[in-house]
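So you can see what is in the structure, the chains are spelled out below.
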Amino acid sequence: MQPVKWNDIKIERIGNAIERRVLWGSKGPSARLTIVGGTHVKKHSHPAEQFTCILEGVLRMEIAGDEVTLQEGDMLVIPPNVEHEAWSIVDTVLWDFFTEVREDWKLGQNQYLSGDQ
């Protein structure tokens, strides 16, 4: 087993405002996303529990009707099957980890990430 560097993982461009790098594990993916300020990630849900950590920037989220603003160093756990959406206030870099394989991502079903600006 060898370590992996984020910069060695291929960048996926999703729309004009989001870049994603994904490290796939057998039980769930880990992803580093770069989101242009002013971008909206549409409301969605998934069966995987989601752990989000803000590495740079500011992200406002609405989770099951509750609003929270995350800044650099903040972490949040989103329960499985809970609807959520996000707005990047400024250019933001975040790390997401999921507890289950994201079949939607594997199938390229990530339109909610297209990023309205």
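Keep in mind that what you see is a predicted model, and the values were worked out from it rather than measured.

A. Expanded view of the sheet that holds strand E8 (residues 75–78). Read across the sheet, six strands follow the order E1-E2-E3-E10-E5-E8 without closing on themselves; strand pairing throughout is antiparallel. Two strands close off the open sheet at either side, each with one partner strand: strand E1 (12–14) and E8. Going from strand to strand, the sheet's axes swing by 25° on average, the running direction of each strand aside.

B. Main features of the sheet that holds strand E7 (residues 66–71). What the four strands build is an open sheet, ordered E4-E9-E6-E7; its pairing is antiparallel. For this open sheet the edge positions go to strand E4 (40–44) and E7, each flanked by a neighbour on one side alone. Pairwise comparison of adjacent strand axes, ignoring direction, gives a mean angle of 15° for this sheet. Bridge count between strand E6 (residues 58–63) and strand E9 (residues 84–88): five bridges; the pairing is antiparallel. By the bridge assignment for E9, Met61 is matched with Ala86.

C. Just the pairing of strand E5 (residues 50–56), in detail. Note: E5 against E8, four bridges, orientation antiparallel. When the sheet's bridge partners are listed, Gln50 is paired in E8 with Ile78. When E5 meets strand E10 (residues 92–98), the two strands line up antiparallel, connected through six bridges. The residue bridging Gln50 from the neighbouring strand is Phe98, located in E10.

Criteria and thresholds
- Residues numbered from 1 in each chain as written.
- Predicted model: local features only at pLDDT ≥ 70, side-chain atom pairs only at ≥ 80, totals over all residues.
- Heavy atoms only, no water.
- Pairing = 2+ DSSP bridges.
- Helix = DSSP H or I, 4+ residues; strand = E, 2+ residues; numbered from the N terminus.
- Axes fitted to C-alpha atoms, helices over the stretch in contact; angles between N-to-C directions.

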